[in-house]
Amino acid sequence: MKQHVLQIAIPEGARWYASDFRQMVGEAHKGKLPAFLFNKDENNRPLNQKPACRFICSRKHATFISERDEGLMDVAQVMPYALQAAQKKFSSLDVNIKTFVVEKGATFKGVPKEYRLIDALKKTRKPGAKARAPEEQIKMLIADELERAYQDGIILDLPEIDDLSIQVFDIRQLGKKIVPEGGEYGRLFSATVVMDAYLTGFWQVGSLTAKGCGRLVPAWKGAANVQQ
């Protein structure tokens, strides 16, 4: 699967969170962008589906991703408003912005690789979900995403999940209110994950991925101690 990507460099020492990036792009476009780019319907209600367009942030980049066939057009539409948002955020007209295409995929070589899972949201509506240990919930989030990718044809051959030897370490969890109104909460997990899978492109697991939750990225030195 091709992912069309728009990426803005975040100046050293600055922070920009995905939810704020998404909100500021939304405020900049003033109704000119299609609602589906924000995973919403025409009445501004969240769509009940895995989002094809997402806003994510790391310490170095604010990123918009489209996995649609029309991804090139999506990026072109978002670009001027993302630029406006960045100029406002950093109080500067000098913004480093770029676009590119990357292939999202996974291969399984039987060689363990280490990843960092950042702010993955697991809804806990069902009593059984609340009872599971954090390690099992994280493994389930990853397994579900890989299975979905296989069903969608992103992965052509998926081994049995047990054969991936998923291991989870350094778990941190928080309670997360899912919607502003009402009392629905979930669990927000960050952890180190080791598994026999080599991922390319941008991967996210869990809920609220349109707002940047659930990034699964190759580990780097000090990743287990990062605060996101």
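Below is a short write-up of the structure. Along every chain, residues carry numbers that run from 1 in the direction the sequence is written. Selection of residues for local features in this predicted model requires a pLDDT of at least 70, selection of side-chain atom pairs for listing and counting requires 80 or more, and totals for whole chains, interfaces and linings are taken over all residues. The side-chain figures draw on all heavy atoms in the structure; neither hydrogens nor water molecules are used.

## Brief notes about the packing of helix α1 (residues 18-29) against helix α2 (residues 71-90)
- Direction vectors running N to C along α1 and α2 enclose 110°, while the axes themselves pass 8 Å from each other. Taken together, the axes of α1 and α2 lie roughly perpendicular to each other. As α1 packs across α2, the resulting crossing turns out to be right-handed. Residue-level contacts link F21, M24, V25, A28 and H29 of α1 to V78, Y81, A82, Q84, A85, K88 and K89 of α2.
- Note on residue categories: nonpolar means Ala, Val, Leu, Ile, Met, Phe, Trp, Tyr, Cys or Pro, charged means Asp, Glu, Lys or Arg, and polar means any other residue, Gly included. Counted by class, the contact of α1 with α2 contains eight nonpolar, two polar and two charged residues. Here an angle of 0 to 180 degrees is reported between the N-to-C directions of two axes, which are lines fitted to C-alpha atoms, with helices fitted over the stretch in contact. What counts as a helix is a DSSP run of H or I of at least four residues, what counts as a strand is a run of E of at least two, and both are numbered from the N terminus. The scheme is simple: roughly parallel for angles under 35 degrees, roughly antiparallel for over 145, roughly perpendicular for 65 to 115, oblique for anything else. Each crossing is labelled by how the near helix is turned from the far one, with a counterclockwise turn of less than a right angle marking it left-handed and a clockwise turn marking it right-handed. For this analysis, residues touch if any pair of their heavy atoms sits within 4.5 Å.

## Concerning the sheet that holds strand β4 (residues 97-103)
- Two strands are said to pair when DSSP picks up at least two bridges between them. Judged by pairing direction, the sheet is antiparallel, and its four strands sit side by side in the order β2-β3-β1-β4 without closing on themselves. With partners counted over all chains shown, the strands left at the sheet margins are β2 (53-57) and β4, one partner each. Sheet twist, expressed as the mean angle between neighbouring strand axes with direction ignored, is 20°.
- Where β2 lies against strand β3 (residues 61-66), five bridges are found, and the strand directions are antiparallel. Its bridge partner lying in β3, C53 is registered against S66.
- Contacts from α1 reach β1 (2-9), β2 and β3, with the element oriented near 125° to β2.
- Relative to the sheet, α2 contacts β1, β2, β3 and β4, its axis offset from that of β1 by approximately 15°.

## Side note on the environment of A197
- Take A197: it is sitting in the loop between β8 (185-195) and β9 (198-200).
- As a C-alpha pair, A197 and L164 span 33 residues in sequence and 6.8 Å in three-dimensional space.
- For A197, the contacting residues outside a window of four places in its chain are T107, F108, V111, K113 and Y115.

## Brief notes about the nonpolar core
- What is meant by a nonpolar core is a set of buried Ala, Val, Leu, Ile, Met, Phe, Trp, Tyr and Cys residues, joined one to another through side-chain atoms within 4.5 Å. Accessibility here uses a 1.4 Å probe with only protein chains present; expressed as a share of the type maximum, an area under 20% marks a residue as buried, one over 50% as exposed, and anything in between as partly exposed. Counting residues in hydrophobic clusters, the biggest one holds 25 residues, and the most contacted among them are I8, W16, F21, V25 and F64.
- Of all elements in the fold, only β1, α1, β2, β3 and α2 reach the threshold of two or more residues within this core.
- For this core, the leading source of residues is α2, giving seven residues.
- Not counting residues up to four positions away in its chain, the partners in contact with F21 are I8, W16, F55, I56, C57, A62, T63, F64 and A82.
- Counting 24 residues, the second largest nonpolar core, distinct from the first, contains Y115, A191, A197 and L199.

## With respect to α1
- Between the first and last residue of a helix there are one fewer steps than residues, each counted as 1.5 Å, and that sum is the expected span. If you check α1, its first and last C-alpha atoms are 17 Å apart, about what 12 residues at 1.5 Å a residue would give, namely 16 Å.
- If you check which residues of α1 are buried, you get A18, F21, R22, M24, V25, A28 and H29. Buried residues along α1 cover an arc of 165° about the axis, so they all sit on one side.
- Packing partners of the buried residues in α1 comprise β1, β2, β3 and α2. Picture the helix axis, draw a direction to every C-beta atom, and the arc is the one those directions span.

## Here we look at the state of the cysteines
- Counting rule for disulfides: a pair of cysteine sulfur atoms within 2.5 Å. Within the structure shown, the criterion is met by zero disulfides.
- C57 takes part in no disulfide bond, and the closest cysteine sulfur to it belongs to C213, at a distance of 12 Å.
- A relative accessible area of 10% places C57 in the buried class.

## Side note on the sheet that holds strand β6 (residues 113-123)
- One open sheet accounts for five strands, arranged β7-β8-β6-β11-β10; its pairing is antiparallel. Pairing within the sheet leaves two strands with one partner each, and these edge strands are β7 (167-177) and β10 (203-204).
- Bridging between β6 and β8 involves nine bridges; their strand directions are antiparallel. Residue pairing in the sheet places R116 in a bridge with T192 of β8.
- Of the strands in this sheet, β6, β7, β8 and β10 are in contact with helix α4 (residues 134-151), which crosses β8 at around 80°.

Function-wise, these values are silent; they only describe arrangement.
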